[in-house]
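# Survey of secondary and tertiary structure
Chain by chain, the residues run as shown.
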Amino acid sequence: MSDAAKLPLMLTELRMPTIGRLWQSIGATSDKEGWGAARFLAALCEHEIAERSQRRISRHLAASGLQPGKTLETFDFAAVPSVRKAHIQALATGATWIEAGSNILIFGPSGTGKTHCASAIGAGLIDNGYRVMFTRTTDLVQKLQAARRDLMLPATLAKLDKFDCLILDDLGYVRKDQAETSVLFELIAERYERKSMMITCNQPFSEWDKVFPDPAVTVAAIDRLVHHSNIIEINTDSYRRRVAAENAAARKSKPDQPATTKPRTKASA
Ligand code: ADP
Ligand code: MG
């Protein structure tokens, strides 16, 4: 068997599909340009590494639970003056805060873009090679409670360590009930100063006694979350309501136009 015939088999065995696909065309360039062996091999390896990293990012994004399309590119910063684009872009790189196990807390009334903002930062983190899990807080709390019933809580919390950042959406929707909030507190305490969390919440800290029934636990949870954290406050009108009002106004002025629930783009805003 010739070397050329053996190569696809060997590259499959070595799990190098990109080199398998590209070696002939890159080889032709190499022959034409008179590259040495080192340059040829380096070019192949670079492609394999780049595609492998891209595949890993796609896998992590698919497994993250993040909703597609809620990214920095689709977030209209002009609509939220209290949120600085450069700040969010910096957070989305993960630089320093993820390694330090710090948190991001996003507050604001319903419909103001908390979930979108958290998701956009999460997607940026994945692009930068971090692992992220997005979940509604109530869903995760249910899972943790089930784990506790099965005496599996420590193991389940340990499994969550593979995520550099857990996004807990709508912390304020957790029922004010001892069992629910105690697993939530255990999660917060377990990750404290080790692994990051990003939390969205409708209520400011002053109303967290509505989330945690025990005042001592409320103070302890806030303390741990805030100790190393970036706090983002969104204090605009509901984006949903604003888009609906703008659409209604547009329909009034152009009665033939069909209704749309799509937010207007920056260009049209
Ligand atoms: P919240 O989590 O605060 O209730 P969401 O993030 O779910 O709000 O936002 C409601 C809807 O409005 C979503 O479809 C979201 O994508 C959109 N939205 C909110 N704020 C913005 C924004 N600044 N730019 C683009 N879309 C936004
Ligand atoms: Mg939300």
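Structural notes, computed from the coordinates. From a predicted model like this one, the values you see are computed outputs, not experimental measurements.

## Overview of the overall build of the chain
For the chain, the count of helices and strands is 10 helices and 5 strands. Rg of the C-alpha trace for the chain: 24 Å, well past the compact-globule value of 18 Å for 269 residues, more than 25% over. C-alpha extents for the chain along the principal axes are approximately 75 × 60 × 30 Å. Of the roughly 15,300 Å² of accessible surface on the chain, a fraction of 56% belongs to carbon and sulfur atoms.

## Section: the pattern of salt bridges
With the rule as written, the count across this model stands at 12 salt bridges. The salt bridge partner of K6 is D3, with a shortest N-O separation of 3.8 Å. Taken together, the residues K6 and D3, both in helix α1 (residues 3-13) and 3 residues apart, mark about one turn of the helix. Residue K6 is classed as partly exposed on the basis of its relative accessible area, which comes to 33%. Judged by its relative accessible area of 57%, D3 is exposed. The partner of E48 in a salt bridge is R55, and the shortest N-O contact between them spans 3.7 Å.

## Some words on the packing of aromatic side chains
Using the criterion set out here, one finds 5 aromatic pairs in the structure. Between F107 and F205 the ring centres are 4.9 Å apart and the planes differ by 75°, which places this aromatic pair in the edge-to-face class. Of this pair, F107 sits in strand β1 (residues 103-107) while F205 sits in the loop between β4 (196-201) and α9 (215-227), and the two are 98 residues apart along the sequence. We classify F205 as partly exposed; its relative accessible area is 23%. Feature note: the residues F107, F205, W208 and F212 constitute an aromatic cluster, connected by ring pairs. Over the aromatic face of Y192 sits the side chain of R224, whose NZ or CZ is 5.8 Å from the ring centroid.

## A closer look at unusual backbone geometry
A positive phi angle is found at L151, which is not glycine, with a value near 55°. Residue L151 is classed as exposed on the basis of its relative accessible area, which comes to 75%. Positive phi, normally seen in glycine, also occurs at D170, with a value near 60°. Summarising the element assignment, D170 is placed in the loop between β3 (165-169) and α8 (178-191). When its relative accessible area of 16% is taken as the criterion, D170 is described as buried.

## Comments concerning the site of ligand 1
Within the structure, ligand 1 sits among 14 residues, and D76, G111, K114, T115 and H116 are positioned closest to it. Backbone polar atom of G111 to an oxygen atom of ligand 1: 2.7 Å apart, as the coordinates give it. In the environment of ligand 1, an oxygen atom lies 3.2 Å from a nitrogen or oxygen atom belonging to the backbone of T112. Coverage of ligand 1 by the protein amounts to 87% of the 560 Å² it exposes when considered alone. Among the elements of the structure, α5 (114-127) and α10 (239-253) are those that each provide at least two residues to the shell around ligand 1. In terms of residue count, the dominant contributor to the shell around ligand 1 is α5 (3 residues).

## Focus: the environment of D177
Inspection of the secondary structure assignment puts D177 in the loop between β3 and α8. Assessed through its relative accessible area of 25%, D177 is described here as partly exposed. For the pair formed by D177 and F212, sequence separation is 35 residues and the distance between their alpha carbons is 7.5 Å. A polar contact is formed between the side chain of D177 and the backbone nitrogen of A179, at a distance of 2.9 Å. A polar side-chain atom of D177 sits 2.9 Å from the main-chain amide nitrogen of E180.

## Some remarks on the sheet that holds strand β5 (residues 229-233)
Spatially, 5 strands are ordered β2-β3-β4-β1-β5 in an open sheet, and the strand pairing comes out parallel. A strand with exactly one partner marks an edge of an open sheet, and here the two such strands are β2 (132-136) and β5. For this sheet, the mean inter-axis angle between neighbouring strands, taken without regard to orientation, is 15°. Where β1 and β5 come together, 5 bridges link them in parallel fashion. Residue pairing across strands places N103 opposite S229, the latter belonging to β5. The strands touched by α8 within the sheet are β3 and β4, with β3 carrying the most contacts at an inclination of about 150°.

Cut-offs and rules
Residues numbered from 1 in each chain as written. Chains lettered and ligands numbered in written order. Predicted model: local features only at pLDDT ≥ 70, side-chain atom pairs only at ≥ 80, totals over all residues. Heavy atoms only, no water. Helix = DSSP H or I, 4+ residues; strand = E, 2+ residues; numbered from the N terminus. Rg over C-alpha atoms; globule rule 2.2 N^0.38 Å. Areas by Shrake-Rupley, 256 points an atom, 1.4 Å probe, with all protein chains shown as cover. Salt bridge = Lys/Arg side-chain N within 4 Å of Asp/Glu carboxyl O. Buried < 20%, exposed > 50% of the residue type's maximum accessible area, 1.4 Å probe, protein only. Phe/Tyr/Trp six-rings, centres within 6.5 Å; stacked < 30°, edge-to-face > 60°. Lys NZ or Arg CZ within 6 Å of the ring centre and 35° of its normal. Near = heavy atom within 4 Å. Polar contact = N/O pair within 3.5 Å; in protein donor to acceptor, adjacent residues only side chain to side chain. Pairing = 2+ DSSP bridges. Axes fitted to C-alpha atoms, helices over the stretch in contact; angles between N-to-C directions. Contact = heavy atoms within 4.5 Å.

The analysis is restricted to geometry; functional conclusions fall outside its scope.
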